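Single-letter residue listing:
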Amino acid sequence: MIVPDPDGIEGIEQFQSPGKGRGLRACRNFTIGDLVLACPAYSCALSAAERGAYCDCCFSRNKSLSKCGQCKKAFYCNMHCQRRDWPMHKLECSAMCAYGEKWSPSETVRLAARITAKKKTQLEKTLSEKLLLVSDLEANLDKLDNEKKEMIEADIAALHHFYSKHLEFPDHASLIMLFAQVNCNGFTIEDEELSHLGSAIFPDVSLVNHSCCPNVIITYRGIVAEVRAIRDISPGEEIFTSYIDLLYPTEDRIQRLRDSYYFTCECTECSTKAKDKAKMKIRKLSTPPKPEVIEDMLRYGRNAIEDFRRAKHTKNILLLSICELSLDKMGSVFDDTNVYMLHMMYQAMGVCLFMEDWEGALSYGERIIGPYRVYYPSYSLNVASMYLKLGRLCLGLDKESQGMKYLKKAMAIMEVVFGKDHPYFTEIQKEVK
Ligand SMILES: [Zn+2]
Ligand SMILES: [Zn+2]
Ligand SMILES: [Zn+2]
């Protein structure tokens, strides 16, 4: 595990960003690929779906993990990892056995439980809080609407329900504050193909503000967040990452940022809307569709995205036909490179992968990758992971030379965003001849 220099962080500093509150800025030059900041997780929770594939303590991908002898549900690299995780795992170990099938706290609740326990025992500043203390994370309490307040109350109820035996609870107001902080500052850790691995808090990284034209990207090495430059950065320049998927047009991005993070983005991309026209491209037809038909289809596309966000975990044949139907419907008005089409193709590809329909997945992926390169920044995990999936699909289908081409494209991006010594990069290096 890489632990940043204990004496402080070189090359960056906290400052008041005009109109944005706290922010982080460079005090030296960074070039593309440079590590700007590394921050170990203050707290993290491995996704229940990944138990057994990754170590519960350090999130290492490992084929020979050992089970916790008591619950048989947590897995570790070795005794060292197991011992290190025990102060956190003990909150869940016996409760998981007691509840059996009924053990179902959300990842947010699990993370909040871990933060609560850590705050009790960890009295000194951690290596994750060189620039910002976990207690000083933004909560945006004054901006919570009723729906958000109700969700927080439900999370607090679940926390009491599942953790009553093993956790000392702070008062109700502190719990509301904690969940509001987790909602605004929680990071989701993903692998190189963007599969969800777990949730974590990285206080120092939370200082980085959002832009739709980011100059850094955040990746994970186990449970350490690494912030790397994806453009050259000069002293005095603010560090910006993207909090959201940058595929979508300006209006959608602004809506998403307001809903989840309570601010309005004023970056160059949001003010010029330079990519919007291409992102919402209409099919070339002998009689062009009327504006109201386009409007209707946009609404349809946006609703479909929302519906899929909710149905994310049900990947079955039925979902594939829903994708195909909506591609047919939107395809009468939208061009194949339209982002709402791409969104649906991406979902369809996911279902194909799940059903092991490799040819199907490959054909969707090959329709997606071209426009992805145009809409996403040059160094994007969305683009890298798509190349990676395409490369691996081709190799599995005996399309060796095409597969190698895709993997090399993935590597060119991964080299910058993950670094050449990252296991995700070195693993592919072995696959590529
Ligand atoms: Zn481990
Ligand atoms: Zn256990
Ligand atoms: Zn923006």
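All of these numbers come straight from a predicted model, not from anything done at the bench.

1. Looking at the overall build of the protein
Looking only at helices and strands, the protein has 15 helices and 12 strands in total. A compact globule built from 433 residues should have a C-alpha radius of gyration of about 22 Å, and the protein, at 22 Å, falls within 12% of that. For the protein, the spread of C-alpha atoms along the principal axes amounts to about 70 × 50 × 50 Å. Relative to its 433 residues, the protein shows a buried fraction of 38%. Long-range pairs, those at least 24 residues apart, make up 67% of the contacts in the protein between residues at least 6 apart in sequence.

2. Description of the environment of S66
As for its placement among the helices and strands, S66 is situated in strand β5 (residues 66-67). With 14 residues separating them along the chain, S66 and G52 place their C-alpha atoms 8.4 Å apart. Excluding residues that lie within four positions of it along the chain, S66 makes contacts with F75 and Y76.

3. Let's talk about the pairing of strand β2 (residues 21-26)
Summarising the sheet, strand β1 (residues 12-17) and β2 pair through 6 bridges and their orientation is antiparallel. Residue Q14 lies in a different strand from β2, and its bridge partner there is L24. Linkage of β1 to β2, two consecutive antiparallel strands, is achieved through a turn of 3 residues, within which G19 is found at a positive phi near 80°.

4. With respect to unusual backbone geometry
Of note in this structure, K72 is not a glycine but carries a positive phi near 60°. Checked against the element boundaries, K72 lands in the loop between β5 and β6 (75-76).

5. Focus on the packing of helix α10 (residues 317-331) against helix α11 (residues 339-354)
Contact pair α10 / α11: the axes reach a minimum separation of 9 Å and the direction vectors enclose 160°. In this view, α10 runs roughly antiparallel relative to α11, as classed from their interaxial angle. Regarding α10 and α11, the two cross each other, and that crossing is left-handed. Contact with α10, carried on its side by L319, L320, C323, E324, S326, L327, M330 and G331, involves Y340, M341, M344, M345, Q347, A348 and V351 of α11 and no other residues of that element. Of the residues that constitute the contact of α10 with α11, the class distribution is 11 nonpolar, 3 polar and 1 charged.

6. Describing the sheet that holds strand β7 (residues 186-190)
Here 3 strands make up an open sheet; going across it, the order is β4-β8-β7 and the pairing antiparallel. The open sheet has two edge strands, β4 (43-46) and β7, and neither has a second partner. Within this sheet the neighbouring strands show an average axis-to-axis angle of 25°, counted without direction. Taken together, the 4 bridges between β4 and strand β8 (residues 196-201) define a ladder with antiparallel strand orientation. Each residue of the ladder has a partner; that of C44, found in β8, is A200. Set on the sheet, helix α3 (residues 107-121) makes contact with β4, β7 and β8; between it and β4 the angle comes to about 145°.

7. With respect to the domain arrangement of the protein
Here the domain parsing of the protein yields domain 1 (1-41 + 202-274) and domain 2 (277-431). With centres defined by C-alpha atoms, the gap from domain 1 to domain 2 works out at 25 Å. Each partner contributes residues to the interface: domain 1 has 14 residues there, and domain 2 has 15 residues. In terms of residue count, the dominant contributor to the side of domain 1 that touches domain 2 is strand β10 (residues 216-221) (3 residues). Considered class by class, the residues forming the side of domain 1 that touches domain 2 number 9 nonpolar, 2 polar and 3 charged.

8. Quick word on the sheet that holds strand β11 (residues 224-229)
Read from one edge of the open sheet, 3 strands run β3-β11-β10, paired in antiparallel fashion. Every other strand in the sheet has two partners, leaving β3 (35-40) and β10 as the edge strands with one partner each. For this sheet, the mean inter-axis angle between neighbouring strands, taken without regard to orientation, is 20°. The pairing of β10 with β11 spans 6 bridges and is antiparallel. Residue pairing across strands places T219 opposite E226, the latter belonging to β11.

9. Some thoughts on the packing of helix α13 (residues 381-396) against helix α14 (residues 400-417)
Packing of α13 against α14 leaves a shortest axis separation of 7 Å and a crossing angle of 155°. When the axes of α13 and α14 are compared, the pair comes out roughly antiparallel. For α13 against α14, the interelement crossing comes out left-handed. Contacts from L381, V383, A384, Y387, L388, L390, G391, C394 and L395 of α13 reach α14 at E400, Q402, G403, Y406, L407, K409, A410, I413, M414 and V417. Considered class by class, the residues forming the contact of α13 with α14 number 14 nonpolar, 3 polar and 2 charged.

10. Examining the pairing of β8
Most of β8 sits inside the fold, with 5 of its 6 residues counted as buried. In this sheet, β8 lies alongside β7 in antiparallel orientation, the contact comprising 5 bridges. Residue pairing across strands places I189 opposite G198, the latter belonging to β8. Once β7 ends, the chain turns through 5 residues before running back antiparallel as β8, passing L194 with a positive phi of about 65°.

11. Focus: helix α6 (residues 250-261)
Side chains of residues three or four places apart in an α-helix project in the same direction, reflecting 3.6 residues per turn. Spanning 12 residues, α6 covers 16 Å between terminal C-alpha atoms, matching the ideal 16 Å at 1.5 Å per step. Immediately downstream of α6, the backbone of Y262 shows phi near 65°, a positive value.

12. Let's talk about α11
Taking 1.5 Å of rise per residue, the 16 residues of α11 would be expected to cover 22 Å, and the 22 Å separating its terminal C-alpha atoms lies within 8% of that figure. A large share of α11 lies buried, amounting to 13 of its 16 residues. Count one or two residues on from α11 and you reach E356, which has phi positive near 60°.

Definitions and limits used
- Residues numbered from 1 in each chain as written.
- Chains lettered and ligands numbered in written order.
- Predicted model: local features only at pLDDT ≥ 70, side-chain atom pairs only at ≥ 80, totals over all residues.
- Helix = DSSP H or I, 4+ residues; strand = E, 2+ residues; numbered from the N terminus.
- Rg over C-alpha atoms; globule rule 2.2 N^0.38 Å.
- Buried ≥ 20, exposed ≤ 12 C-beta atoms within 10 Å, placed from the backbone.
- Contact = placed C-beta atoms within 7 Å.
- Pairing = 2+ DSSP bridges.
- Axes fitted to C-alpha atoms, helices over the stretch in contact; angles between N-to-C directions.
- Parallel < 35°, antiparallel > 145°, perpendicular 65-115°, else oblique.
- Left-handed = near helix turned anticlockwise from the far one by under 90°.
- Nonpolar A, V, L, I, M, F, W, Y, C, P; charged D, E, K, R; others polar.
- Domains from an automatic or database assignment.
- Expected span 1.5 Å × (residues − 1).

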